[in-house]
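Survey of secondary and tertiary structure
One letter stands for each residue in the lines below.
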Amino acid sequence: MHPTLNIAIKAARRAGQIINRASNDLDSIKVASKQPNDFVTEVDKAAEAAIIETLREAYPGYGILAEESGMNAGKGDAEYQWIIDPLDGTTNFIHGLPQYAISIALAKAGVVEQAVVFDPNRNELFTASKGAGAFLNERRIRVSRRTKLGEALIGTGFPYRMFDKIDLYLSIFKELAEKTAGQRRPGAASLDLAYVACGRYDGFWEFGLSPWDMAAGALLISEAGGLVSDLRGDANYLETGNVIAGTPKVFA
């Protein structure tokens, strides 16, 4: 296992302990609203601080792009950059809905090379290194074998902040509702992408995501034999925030 991946796993597990402890006493957690329907808790911040401390101790020169602290951590122009979401699915977490995860990726010159998505509720650790496959708790994972859209279970996420595209979104949702075996919207994109990688979903689509929602999950999928792109079929989904992923045939 690559040493940087080992450190990312260590960081994710530390954050998981913080989140699990806090989940036992949700009533006492302070919640702030960054913008309508976009929440941050002291738990997000504590988990992020623990992750950054762990990563920085081992790799002090690496840049950091993290959801709560933005670009200001580490060298912004470093060749290597950690991309972190300390608690993806904060709204679920606040409500005690056990569907949220920690996402940590490492990019070299903009290309993601290491990925960790950790679900502290189920103790499921998804990992991938570029060129070395994807794993769930150290077992190799592959995307599903499904080839037909009509048999496919598809994950998605509804717009919750930006409602300018909601009509377009609903029209796509409606069309896919008629053409697939079903769509699911649990509320943590990093886990949704990990679920495509291990075959629980056959595909996923969403608009308006941030790099930290997708960076780790996208590498998991490509290392598990799936395909990931933006809406035009290009590889710049981290910039556009729009993503389509799936098994090769369902993706097409």
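Quantities reported herein were computed from a predicted structural model and do not represent experimental measurements.

**Side note on the pattern of salt bridges**
- Under the definition given, this model contains six salt bridges.
- Among the ionic pairs, Arg200 bridges to Glu124, the shortest N-O distance being 2.8 Å. Of the two residues, Arg200 is situated in the loop between helix H5 (189-197) and strand E13 (203-206) and Glu124 in strand E8 (residues 124-129); the sequence distance between them amounts to 76 residues.
- Look at Glu124 and you get buried, because its relative accessible area is 13%.

**As for the packing of H5 against helix H6 (residues 211-223)**
- Axis separation between H5 and H6 bottoms out at 8 Å; the angle between their running directions is 5 degrees. One element, H5, and the other, H6, form an angle in the roughly parallel class. Across from Ala189, Ser190, Leu193, Ala194, Val196 and Ala197 in H5, the residues of H6 making contact are Asp213, Met214, Gly217, Ala218, Leu220 and Ile221.
- Residue composition of the contact of H5 with H6, by class: nine nonpolar, two polar and one charged.

**Let's talk about the sheet that holds strand E11 (residues 153-156)**
- The mixed open sheet is built from five strands, whose spatial order is E12-E11-E13-E15-E14. The sheet terminates laterally at strand E12 (182-184) and strand E14 (227-229), the two strands that pair on one side only. Averaged over all pairs of adjacent strands, the angle between strand axes in this sheet comes to 15 degrees, irrespective of strand direction.
- Relative to strand E15 (residues 243-246), E14 runs antiparallel, the two being bridged by three bridges. In the strand pairing of E15, Val228 is matched with Ala245.
- Helix-sheet contacts for H5 involve E11, E13 and E15, and the interaxial angle to E13 is about 155 degrees.

**Re the nonpolar core**
- Residues Val117, Phe126 and Leu220 are the most contacted members of the largest nonpolar core, which totals 40 residues.
- Listed by contribution, the elements that provide at least two residues to this core are strand E6 (101-108), strand E7 (111-119), E8, strand E9 (134-136), H5, H6, helix H7 (237-240) and E15.
- A per-element tally of this core places H6 first, with eight residues.
- In contact with Leu220, not counting residues within four places along its chain, are Val117, Phe126, Thr127, Ala128, Ala134, Ala194 and Ala197.
- Core analysis: the second largest hydrophobic core is formed by 32 residues, Ala8, Leu55, Trp82 and Phe93 among them.

The rules we used
- Residues numbered from 1 in each chain as written.
- Predicted model: local features only at pLDDT ≥ 70, side-chain atom pairs only at ≥ 80, totals over all residues.
- Heavy atoms only, no water.
- Salt bridge = Lys/Arg side-chain N within 4 Å of Asp/Glu carboxyl O.
- Helix = DSSP H or I, 4+ residues; strand = E, 2+ residues; numbered from the N terminus.
- Buried < 20%, exposed > 50% of the residue type's maximum accessible area, 1.4 Å probe, protein only.
- Axes fitted to C-alpha atoms, helices over the stretch in contact; angles between N-to-C directions.
- Parallel < 35°, antiparallel > 145°, perpendicular 65-115°, else oblique.
- Contact = heavy atoms within 4.5 Å.
- Nonpolar A, V, L, I, M, F, W, Y, C, P; charged D, E, K, R; others polar.
- Pairing = 2+ DSSP bridges.
- Core = buried A, V, L, I, M, F, W, Y, C linked by side-chain atoms within 4.5 Å.

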